Structures are given as C-alpha cells and as structure tokens.
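Remarks on the overall topology
Listed below are the residues making up each chain.
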Amino acid sequence: MATRIGMVARYGVPALTALKPVARRCSRQRARVYVPSRSSHGARSSLYEHVSEGYSDKPELDMRAVCEETDKVIANVENRKGDLRGDDVRRIVCVWQELQAVRTEISGLEEQKRHISNTVKALVAKNDKKALGDLPEYARALQRGREIRSRLNELHPKETELDQEHYGRALRLPNTSHPDVPVGDESQARVVELVGQKPDFDFKPRGHVELGEELGLIRQRHLAHVSGHRSYYLRGAGARLQTALQNFALDTLQRRGFVPMVVPDMLKGAVFEGCGMQPNAHRSQVYSLDQARFPDLNLAGTGEVGVAGYFMDHAVSWKDLPARTVCSSTCYRAETDTGRETWGLYRVHHFNKVEMFGVTADETGEESARLLQEFISLQKEMFSALELHYRVLDMPTQELGPPAHRKYDIEAWMPGRDGYGEISSGSNCTDYQSRRLNILYEREDGGLQYAHTVNATACAVPRTIIAILETHQTKEGTVRVPRALRPYLGLEVIEAPKYSPLKYIGPNQHSRPPRPAPKTR
C-alpha cells in the first residue's frame, strides 16, 4: 500500500535517527501560553483529555511518514478543505522533533541515573560508612546524581508540554488521499456510473413538500415555536414509510451477514474526535449538551460515531474479519450554514439513518478498499430495488473530510428539484480512526495490528423519501410504492388519508377563527 502520509505511529527513541531533517529550521521562539485541557491552537482536545485521564492509550500517529515526506503531507493538507496549511505541518514536525529530542535526553539521563545508583550501591557494600565520605568517586556520584535529578525535573514538565502541543496539532492532520482521487472542490467530482433512467412525466412534477402535505405525510409549517427551524413531522403513511425504509435496509444487510446494533445517541467528545470530527470547533455541526450538567456529552450526527465507540479500545478476532455492523439511529446535525435548503426534508436538524460500518484487516493494504466496494455495491442494490435513477461519484479532495482516504457519494435524481441530490456516501478511513480510537484485530498468532475502518450510508430516510415521492408520483397526486418496499409498507399506492388535515388556529394569520366563548353554568 502507498505510504500513509496524513495518518499519524508513535516511534520510540531509536527511530529518531531515521527521521530526515526538515527543510526549514524550527523556530526557537515558541508560544508558551497554555490553557489546561486545551491544545496549542486554542481548540479543546477531548481525545487528549480522555487519554490523559487514563481511559485509553495514546493514539499511535504515524509521524515517521509526516517527517520523511513532509512536502507530500503539505500538498495533501492544502488540497483538502480546512484551516490547516503548510506552516502548520512544518510546525507539527518541529514540535515532534523537539519532543523526541527531549525524550532522548530523558532516556539517556535515566540510564545514567541507574548506572550511578548501581555505583553508589557497590561503594556502600564495599566500604565502611565512615570511609564513604572520604571517597572522591562517592562524592562525584552523589553530585552527578543531584545534577541529573535537577535536569530531569526540568525536562519532565517540558515533555508533558510538548506532548500536549504535539497531539493538539497532529490530531488535526487529515488522512492521506488515494492517488486516484480528483483534486479540487465538489465541481471536480468524477461520475463513475449512471444507473437507471430519469422518470418521464406527462405533467409538471411536484416537489416532495407539496406532495407530502397533500397526502398528509409531512408537516413543516407552524413549527418554529414547537421544535424550531429545519424540523418536521412524518404522519400516517409518512411515518410508516420511514419504518418501512429502515426495515428494508436492515433486512437486506442482515441477509448479507451484517450484525445489527443499537447505539447511543449521546457520546463523549473523544469518540467524535477519534472519528475525525471536531465537536469543540467553531461552527461545529455537532450539538453539545449543557456542559454544566452533562460535561462532554454530544449528540451524534451519524451512527458511525456510535459504532466506532463500540469498537474503541477493543480487538476483533481474526476469524471474524471483516466485522460488518449495521445500525439504525437518529442523527442530529446543527446545519449552521442556514442559507442552504431552508425548506423541505433535504437538510434538517434530525433524521433517521441506517448505517453500515466495517472493521477489516490490514495485511495487504487492499482489504478496506475491497470492503468499500462491497458497501457501494450494496447501496446500489438497495437504490435500484427502490427504482431510483442515481449516479455514483468519486469525490474530490475538498469533499473527503479529515478521516476519509477515499469517498464515493451516490446522488439520486429528484424531479421536484430538477437535479441530483446526495442520498448516501461511503468512505474508506484506512487506519485513521483505528489509530486514534485503538481499534485493533488479533492475528492468528495472537499479535495485535491496527484495523482499517469503512463506513457507508444504507438509507438516510428523509432524502430517500424525497427521491421516492418525487420519482414515483402520479398525475393524480398519489405516489406509487416501489415493489421491493410494498411488503414493508403494506401499500401499493400512497393516497390522501381519509381523515381531515388539522386546521391551524394560532396567531399571525389574516383570518383567524374566534376563540371559544366562556362556558356558562
């Protein structure tokens, strides 16, 4: 497999000599302002706190690759979306080399300390107590011992400080990019495959909100005072459609050997950070609970985080690889970019999603690439069964996100939008997440090795509902149910319900009905 650049393994002191010097000298004027529990760049690192409190081992970050191929790391960082730049990478290398120099000195002094201790013990054993004071070698040993202790007292806090700065900076590095990944923004996405045909209507197709309201499936109006913007209700056949899609996806995947899992919606920040997300970053998409009452608890934006947390600090048996997991969970996303898709189900604060997650070996370097292709094939199988027209995209560098080595999106044709809309993605994260979260596998000989992780959407319910309603709508305003979904929904056609829609009686309307008169006794 190609050398990993953005994934950060801790190497011991002997490996230091193998590191090539960086082209630019490290600045000696180092910022020494530190805030407890915060990394050097100002953002709190939940993962570093988690490790410092003894809950997990330190992440094994591949600094050999970062130091030896710094120019490649810089190019990869600058091709990605984010605030990291070349100078940040150079600073990461400098801090790492300073840390290794300090550790080398500490190691040498500790060895000297042991030697001096043995020397003193030998002198005490061979000489009378009164005679020891007159021995020059005894006095020299005691003096050197004091000098070493004094120096170690200086170096240990410096090591801790550098260690904190190292992880605060290096944990922000993205994964490597596959050499075939297009470089650039979303406009550079490469269409890998087109599947199915666009529906042909003899009428003007309507959008999912209009269809959903007329069929009593969706409500988004008059909710600002109930649940805020970007929220929604599904009712009647709409609620049944969500359940049907979830069960359809779960059944399909369980038949293929996936183990079902129910995951927590609330997780510690360390798990998010280990997955490559930044819950404490400015304008983060992650909802955080009240820190005064629930310290460091956040709402998951994808089931991937919960499943990764399940495998955190655990090893999977060789015979169980690849370990395929499927979970259905509610996802919460802040969607701080409020200017986009403000109406409808396409971009909402909460939604249900069925997620695939895989843990696989790293013996040849190709296992995770094969598992990603398997996941993409399963996505295509399910979307084709739902009779959708869609395209598969090889996503460019700026759309990968920090943990992804390669990512494919699937976009379905949505006639009401007159365009394609993303309904799923699948990512190969190689060992990026496993090195941060200590996800390993146990070989047949009992040895441990960092696993590779792969994740993919099986069904993001609201967006799949959009595609189904808009694709399978009829001239009469009903929606034809795809054949594969009928056993789960119990319907062949979604029609308007027999009951009447609710009538809004609240304020802020032109013609408001009178309030009830007081009861008379």
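Reading the values: rules and limits
Each chain has its residues counted from 1, running along the sequence as written. With pLDDT at 70 or above as the cut-off, local features in this predicted model cover only qualifying residues; side-chain atom pairs require 80 or more to be listed or tallied, and sums for whole chains, interfaces and linings still use all residues. As a rule here, side-chain values come from all non-hydrogen atoms in the structure, and water together with hydrogens is ignored. For helices the rule is a DSSP run of H or I covering at least 4 residues; for strands it is a run of E covering at least 2, with both sets numbered from the N terminus onward. Throughout this description, buried means an accessible area under 20% of the type-specific maximum (1.4 Å probe, protein chains only), exposed means over 50%, and partly exposed covers the range between. The method behind every accessible area is Shrake-Rupley, applied with a 1.4 Å probe, and residues are considered shielded solely by the protein chains displayed. Residues scored as charged are limited to Lys and Arg (positive) and Asp and Glu (negative), so that His and the chain ends carry no count. Note that the charge is assigned to NZ on lysines, CZ on arginines, CG on aspartates and CD on glutamates. In this description, the term disulfide denotes a pair of cysteine sulfurs within 2.5 Å. Pairing between strands requires that DSSP locate at least two bridges from one strand to the other. Convention adopted: a line fitted to C-alpha atoms gives each axis, helices being fitted over their contacting stretch, and angles between N-to-C directions are expressed from 0 to 180 degrees. By this rule the span expected of a helix is its residue count minus one, scaled by 1.5 Å. UniProt positions are given in the numbering used here, feature names are shortened, and annotations may be inferred rather than shown by experiment. Contacts are assigned to residue pairs that have any heavy atoms within 4.5 Å of one another. N or O atoms within 3.5 Å of each other form a polar contact, as long as, within protein, one can give a hydrogen and the other can take it, and as long as residues adjacent in sequence are counted only when both atoms are side-chain atoms. The working definition used for a salt bridge is a side-chain nitrogen of Lys or Arg within 4 Å of a carboxyl oxygen of Asp or Glu. We call two directions roughly parallel when the angle between them is under 35 degrees, roughly antiparallel when it is over 145, roughly perpendicular when it lies between 65 and 115, and oblique otherwise. Less than a right angle of anticlockwise turn of the near helix away from the far helix marks a crossing as left-handed, whereas a clockwise turn marks it as right-handed. Each residue is assigned to one of three groups, with Ala, Val, Leu, Ile, Met, Phe, Trp, Tyr, Cys and Pro labelled nonpolar, Asp, Glu, Lys and Arg labelled charged, and all others, Gly among them, labelled polar. Here a pair means two rings of Phe, Tyr or Trp (six-membered ring of Trp) with centres within 6.5 Å. Their orientation is stacked below 30 degrees between planes, edge-to-face above 60, and tilted elsewhere. To sit over a ring, a charge needs its Lys NZ or Arg CZ within 6 Å of the ring centre and within 35 degrees of the ring normal.

Quick notes on the overall build of the protein chain
Secondary structure summary: the protein chain contains 14 helices and 18 strands in total. Dimensions along the principal axes, computed over C-alpha positions, put the protein chain at roughly 110 × 65 × 40 Å. Split into buried and exposed, the 521 residues of the protein chain put 49% on the buried side. Taken as a whole, the protein chain presents about 26300 Å² of accessible surface, with 50% of it coming from carbon and sulfur. Separation between the mean location of the 73 positive side-chain charges and that of the 67 negative ones in the protein chain comes to 5 Å.

Comments concerning the state of the cysteines
A covalent bond between the sulfur atoms of two cysteines is what we call a disulfide. Within the structure shown, the criterion is met by 0 disulfides. Cysteine Cys 275 is unpaired, with the sulfur of Cys 429 as its nearest cysteine sulfur at 8.1 Å. Residue Cys 275 is classed as buried on the basis of its relative accessible area of 0%.

Quick word on unusual backbone geometry
In this structure, the amide linkage connecting Leu 321 to the following residue, Pro 322, adopts the cis form with an omega of -10°. Inspection of the secondary structure assignment puts Pro 322 in the loop between strand S8 (314–317) and strand S9 (323–332). One non-glycine residue, His 222, adopts positive backbone phi at about 60°. By the secondary structure assignment, His 222 is in the loop between strand S2 (218–219) and strand S3 (233–234).

Quick word on the sheet that holds strand S15 (residues 448–450)
Read across the open sheet, the 3 strands follow the order S8-S14-S15; overall the sheet is mixed. A strand with exactly one partner marks an edge of an open sheet, and here the two such strands are S8 and S15. Across the sheet, the mean angle separating the axes of adjacent strands is 40° when strand polarity is ignored. As paired elements, strand S14 (residues 439–442) and S15 share 3 bridges and run antiparallel to each other. Looking across to S15, one finds that Glu 442 is bridged to Leu 448.

A few points about helix H8 (residues 237–254)
Residues separated by three or four positions in an α-helix point in the same direction, a consequence of the helix having 3.6 residues per turn. Relative to the 26 Å expected for 18 residues at 1.5 Å per residue, H8 spans 25 Å between its end C-alpha atoms, a close match to the ideal helical length. Every buried residue of H8 is listed here: Ala 237, Gly 238, Leu 241, Gln 242, Ala 244, Leu 245, Gln 246, Phe 248, Ala 249, Leu 250, Thr 252 and Leu 253.

Quick notes on the UniProt feature "site: Important for serine binding" (unreviewed entry) in the protein chain
Mapped onto the present numbering, the UniProt feature "site: Important for serine binding" (unreviewed entry) falls on Thr 457. Mapped onto the elements, Thr 457 comes out in strand S16 (residues 452–460). With a relative accessible area of 8%, Thr 457 lands in the buried category. If sequence neighbours within four positions are ignored, Thr 457 has contacts with Lys 353, Val 354, Glu 355, Met 356, Gln 379, Ile 423, Ser 424 and Ser 425.

Thoughts on the sheet that holds strand S6 (residues 287–288)
Pairing is antiparallel across the open sheet formed by 3 strands, whose spatial order is S5-S7-S6. Only two strands of the sheet have a single partner each, and these edge strands are strand S5 (266–268) and S6.

Thoughts on the side chain of Asp 362
Within the fold, Asp 362 resides in the loop between strand S10 (350–360) and helix H11 (367–385). Looking at Asp 362, its side chain comes within polar contact range of the side chain of His 452, at 3.3 Å.

A few points about the UniProt feature "binding site: L-serine" (unreviewed entry) in the protein chain
UniProt annotation of "binding site: L-serine" (unreviewed entry) refers to Thr 302, Arg 333, Glu 355 and Asn 455 when read in the numbering used here. Mapped onto the elements, Glu 355 comes out in strand S10. By relative accessible area, which is 2% here, Glu 355 ends up buried. Beyond its immediate chain neighbours, meaning those up to four positions away, Glu 355 contacts Thr 302, Gly 303, Glu 304, Thr 325, Val 326, Cys 327, Asn 455, Ala 456, Thr 457 and Ala 458. Position of Asn 455 relative to the elements: it lies in strand S16. With sequence-adjacent residues up to four places away left out, Asn 455 is seen in contact with Glu 304, Glu 355, Met 356, Phe 357, Phe 375, Ser 425, Gly 426, Ser 427 and Cys 429.

Quick notes on helix H10 (residues 303–311)
Judged by how many residues are buried, H10 sits mostly within the fold: 7 of 9 residues are covered. Turning to H10, its buried residues are Gly 303, Glu 304, Val 305, Gly 306, Val 307, Ala 308 and Phe 311.

Description of the pattern of salt bridges
A full pass over the atoms with the stated rule returns 31 salt bridges. Among the salt bridges present, the one from Arg 114 reaches Glu 111, with a minimum N-O distance of 2.7 Å. A residue pair is termed a helical-turn pair when its members lie 3 or 4 positions apart in one helix, as Arg 114 and Glu 111 do in helix H4 (residues 86–126) at 3 residues. Salt bridges linked by common partners bring Lys 58, Arg 103, Glu 159 and Asp 163 together as one network.

Observations concerning the packing of H4 against helix H6 (residues 136–170)
Relative to each other, H4 and H6 sit at 155°, their axes nearing to 8 Å. Considered as vectors, H4 and H6 are oriented roughly antiparallel to each other. Crossing hand, H4 versus H6: left-handed. Per-class residue counts for the contact of H4 with H6 are 18 nonpolar, 4 polar and 14 charged.

Structural notes on the packing of aromatic side chains
Tallied over the entire structure, the rule returns 9 aromatic pairs. Ring centres of Phe 383 and Tyr 390 lie 6.1 Å apart, and the angle between their planes is 70°; on these two criteria the pair is classed as edge-to-face. Per residue, the accessibility class of Phe 383 equals that of Tyr 390, and both read buried. Just above the ring of Tyr 346 sits the side chain of Arg 417; from NZ or CZ to the centre is 4.0 Å.

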